[in-house]
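Here's the letter readout for the chains.
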Amino acid sequence: MPSKTVQIPTPDGQADAFAAFPDHGVRHPGVLLYPDAFGVRPELEEKARELAERGYYVLVPNLYYRNGPAPVIDLPEHIGEDARPAVFGKLMPLIEAHTTERVLRDADAYLTFLTAQPEVGPGPVATIGYCLGAALAMRTATAHPDRVAAVAGFHPGFLVTDAPDSPHRLVGKLAAEVHLGLAEGDLTSEAISDLNQSLHAAGVTHSIEIYPGTIHGFTMSDTDAFDASALQHHWDRLLPLLDRTLSRS
């Protein structure tokens, strides 16, 4: 399964990204995969390879490229609970600097690059995100409804906030089908209700599901939150969504 590090031109410099794609010579649907807060690392690269094996060209951008190539900070091989305070102490300034304006500038650059690759077929793409990446996937889809046909977010963060531009307030711009797989406790019942109501009012085909017995980060095997059965459940929801919404050349 071919994979490589690529450089994406953006208004703020060159963003490095991991790309994985099938090795046969036809064109494939594109997937923009936003990582969780810990960023691009072997765990995310493996998810990209698994999707590539299913017939997709997958691009995983380094969200923190303005601070250097991935990995921007040193991460332990396993990010246990004891390591999280120190890791987040380094990451929080990078996360806080990742404003909505930056997200949207980057999203345009990522989509432009992805859809221009010779291995990527015509037609819309999917955006997928984990943790804070779910909000980035949603923002990308609402900003580019003509280019994004599917959105998936797992153990999401920052989807429902008090901000005027909270992602849940923008779903009326979507032209994508949406699946959100939540850990228990990811969102309050009020937040889930608000999100559901916004999606219903916008006429968006969607599902919001709490994966039972899970905690935030359940798809990531390099963390203590990992749940193997929930990871499989995530594939069982994600792969049919992509198959329904993305055309193959």
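Everything here concerns the structure above.
Residues numbered from 1 in each chain as written. Predicted model: local features only at pLDDT ≥ 70, side-chain atom pairs only at ≥ 80, totals over all residues. Heavy atoms only, no water.

### Examining the overall build of the chain
Right, on to step 1. Looking only at helices and strands, one finds six helices and eight strands in the chain.
Right, on to step 2. In the chain, the succession of α and β elements from N to C terminus is β-β-β-α-β-α-α-β-α-β-β-α-β-α.
Right, on to step 3. For 249 residues, the compact-globule estimate of 2.2 N^0.38 gives 18 Å, and the chain sits close to it at 17 Å.
Right, on to step 4. For the chain, the spread of C-alpha atoms along the three principal axes comes to 45 × 45 × 35 Å.
Right, on to step 5. For the chain, the proportion of its 249 residues judged to be buried stands at 55%.
Right, on to step 6. Within the chain, counting contacts between residues at least 6 apart in sequence, those at least 24 apart form 74% of the total. (Helix = DSSP H or I, 4+ residues; strand = E, 2+ residues; numbered from the N terminus. Rg over C-alpha atoms; globule rule 2.2 N^0.38 Å. Buried < 20%, exposed > 50% of the residue type's maximum accessible area, 1.4 Å probe, protein only. Contact = heavy atoms within 4.5 Å.)

### Concerning the sheet that holds strand 2 (residues 13-20)
Right, on to step 1. Reading across the sheet, the eight strands line up as 1-2-4-3-5-6-7-8 and stay open at both edges, with mixed pairing between neighbours. The strands lining the two open edges of the sheet, one partner per strand, are strand 1 (3-10) and strand 8 (206-211). Here the average twist between neighbouring strands, direction ignored, is 20°.
Right, on to step 2. Bridge analysis of strand 1 against strand 2 gives eight bridges, and the strand direction is antiparallel. Within strand 2, the position partnered with Thr 5 by the bridge is Phe 18.
Right, on to step 3. Its contacts with the sheet place helix 1 (residues 42-53) against strand 1, strand 2, strand 3 (30-34), strand 4 (57-61) and strand 5 (125-130), and it is angled at close to 55° to strand 2.
Right, on to step 4. The sheet contacts of helix 6 (residues 228-245) involve strand 3, strand 5, strand 6 (148-154), strand 7 (177-183) and strand 8, and relative to strand 6 the element is tilted by about 175°. (Pairing = 2+ DSSP bridges. Axes fitted to C-alpha atoms, helices over the stretch in contact; angles between N-to-C directions.)

### Regarding the pairing of strand 3
The two faces of a sheet get side chains in turn, since along a regular strand they alternate between them.
Right, on to step 1. Along strand 3, five of the five residues are buried, which leaves the element largely enclosed by surrounding structure.
Right, on to step 2. By the alternation rule, side chains of strand 3 split into Gly 30, Leu 32 and Tyr 34 and Val 31 and Leu 33, which are all buried.
Right, on to step 3. Pairing of strand 3 with strand 4 involves three bridges; the strand directions are parallel. Along strand 4, the bridge assignment pairs Val 31 with Val 58.
Right, on to step 4. Between the parallel pair strand 3 and strand 4, the chain is carried across by helix 1, and the sense of this crossover is right-handed.
Right, on to step 5. Where strand 3 and strand 5 come together, four bridges link them in parallel fashion. Of the residues in strand 5, the one forming a bridge with Leu 33 is Ile 128. (Right-handed = clockwise from strand over helix to strand, strands pointing away.)

### Topic: the environment of Pro 76
Right, on to step 1. You can see Pro 76 is positioned in the loop between strand 4 and helix 2 (84-96).
Right, on to step 2. Taking C-alpha positions, Pro 76 is 37 Å from Gly 121, a pair spaced 45 residues apart along the chain.

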